[in-house]
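A closer look at the structure
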Amino acid sequence: MKSHRISSVSFLWIAALLLFASCSDSSTGGSNSGLSEDQENVIQYFKDVALGFEFGNALEITRKWNEDILIFVDGEENQMLRDELDTVVSELNNLLALDDIEISTTTDSTTHFNYYLFLGPGEEYAQIEPNAQGYVESNFGLFFVNMNAANQIVSGTMYVDTNRPAPMNQRHLLREELTQSLGMAKDSDKYSDSIFNSSYSVDVTEFSEYDEAVIRLLYHPSMKAGFNASQADSVLYGIIDDVIY
């Protein structure tokens, strides 16, 4: 997560997380025989960003949505970000297709939605999302998610500050926060072209090849919510050919 003032910190609200036990074995169980360098890198990157959260004492396990996501878009009428949201949603839908999850958007507040996206000042978002209070002053983008007992994400909120960061930064934040709220909630300093990179880069406004592979791996039918590193590893080596050759 990005911790300095001009950065985007993704802080997650974890509901009753510690009430549910899970095996914490973090050993890697798969064989790397016959895999390409890219495949090995992607498997490791998956475990870097898709197990656990940056904050708190959350178990390092997978978490993901298991139902369609309807995003209610609220706040400022910002055409640049609305267009960017359409682009990101279209790309994500292609990447989530294996798991038959679809993201859509609405501006109708009377519709039953399970995700709230606010475009505008952080202090206004904090009035709607109480968990954001105390964080919006120093963070230009945030997301919060709620989970059930099976570690499936069931709802979420996020915001992008449209006042302080430059337009390119806003596009970066929109893509990063939305993607991380799908379950890839950790940052990494490993790849500078990744949307999950821990530095605040205005240049990253698209998914890298590794980003796309990680998203596909998490939203593969064989990858279940609640897997620890060892359980995920045993699946990753069997499905890596489905996402990267």
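Above this text you will find the structure in question.
Scoring rules and cut-offs
- The numbering scheme is per chain: residues are counted from 1 as the chain's sequence reads.
- Under the rules for a predicted model, residues below a pLDDT of 70 receive no local features and side-chain atom pairs below 80 are neither given nor counted, while totals for whole chains, interfaces and linings still include all residues.
- Hydrogen atoms and water are omitted, and side-chain values are computed over all heavy atoms in the structure.
- Secondary structure elements are taken from DSSP: a helix is a run of H or I of four residues or more, a strand is a run of E of two residues or more, and numbering for both begins at the N terminus.
- The span one expects for a helix is its residue count, reduced by one, times 1.5 Å.
- Note on exposure labels: buried denotes an accessible area under 20% of the residue type's maximum, exposed denotes more than 50%, and partly exposed covers the range between, all computed with a 1.4 Å probe on protein chains only.
- Contacts are residue-level and defined by heavy atoms, with any inter-residue pair within 4.5 Å sufficient.
- To get an axis, a line is fitted to the C-alpha atoms, and for a helix only the part in contact is used. The angle between two axes follows their N-to-C directions and goes from 0 to 180 degrees.
- Here the angle decides the label: under 35 degrees means roughly parallel, over 145 means roughly antiparallel, 65 to 115 means roughly perpendicular, and every other value means oblique.
- Crossings are assigned a handedness: left-handed for a near helix turned anticlockwise from the far helix by less than a right angle, right-handed for a clockwise turn.
- Side-chain classes are defined by residue name, with Ala, Val, Leu, Ile, Met, Phe, Trp, Tyr, Cys and Pro counting as nonpolar, Asp, Glu, Lys and Arg as charged, and the others, Gly among them, as polar.
- Polar contact criterion, stated in full: a pair of N or O atoms within 3.5 Å, where within protein one must be able to donate a hydrogen and the other to accept it, and residues adjacent in sequence count only if both atoms are side-chain atoms.
- Working definition: rings of Phe, Tyr and Trp (its six-membered ring) pair if their centres are within 6.5 Å, and the pair is stacked with planes under 30 degrees apart, edge-to-face with planes over 60 apart, and tilted otherwise.

**Examining helix H4 (residues 167-180)**
- Along its 14 residues, H4 runs 20 Å from first to last C-alpha, staying within 8% of the 20 Å computed at 1.5 Å per residue.
- Most of H4 is tucked away: eleven of the 14 residues are buried.
- Taken together, the buried positions of H4 are occupied by Asn169, Gln170, His172, Leu173, Leu174, Arg175, Glu176, Glu177, Leu178, Thr179 and Gln180.
- Buried positions along H4 lie against strand S2 (69-75), helix H2 (79-95), strand S4 (115-119), strand S5 (141-147), strand S6 (152-160) and helix H5 (209-218).

**Some details on the packing of helix H1 (residues 37-49) against H5**
- Relative orientation of the contacting elements H1 and H5 amounts to 65°, with a least axis distance of 9 Å. Considering the angle they form, H1 stands roughly perpendicular to H5. Viewed along their axes, H1 and H5 form a crossing whose handedness is right-handed. Along the contact surface, H1 presents Asp38, Asn41, Val42, Tyr45, Phe46 and Val49, while H5 presents Tyr210, Asp211, Ala213, Val214, Leu217 and Leu218.
- Classifying every residue of the contact of H1 with H5 by side-chain character gives nine nonpolar, one polar and two charged.

**Notes on the environment of Asn41**
- Relative to the assigned elements, Asn41 resides in helix H1.
- When the C-alpha atoms of Asn41 and Tyr210 are compared, they prove to be 8.3 Å apart, with 169 residues separating the residues in sequence.

**Some details on H2**
- Counted at 1.5 Å a residue, the expected span for H2 with its 17 residues is 24 Å, and the 24 Å between its end C-alpha atoms agrees.
- Where H2 is buried, its residues meet S2, strand S3 (103-106), S4, S6, H4 and H5.
- With a side-chain oxygen positioned 3.2 Å from the backbone nitrogen of Met80, the residue opening H2 is Asn78.

**Digging into the packing of aromatic side chains**
- A complete count under the given rule lists eight aromatic pairs for this structure.
- Measuring from ring centre to ring centre gives 4.9 Å for Tyr45 and Tyr191, while their planes differ by 85°; the resulting arrangement is edge-to-face. Here Tyr45, found in helix H1, pairs with Tyr191, found in the loop between H4 and H5; they are 146 residues apart in sequence, far enough to count as distant.
- Arranged with centres 5.8 Å apart and planes meeting at 50°, the rings of Phe72 and Tyr116 form a pair that is tilted.

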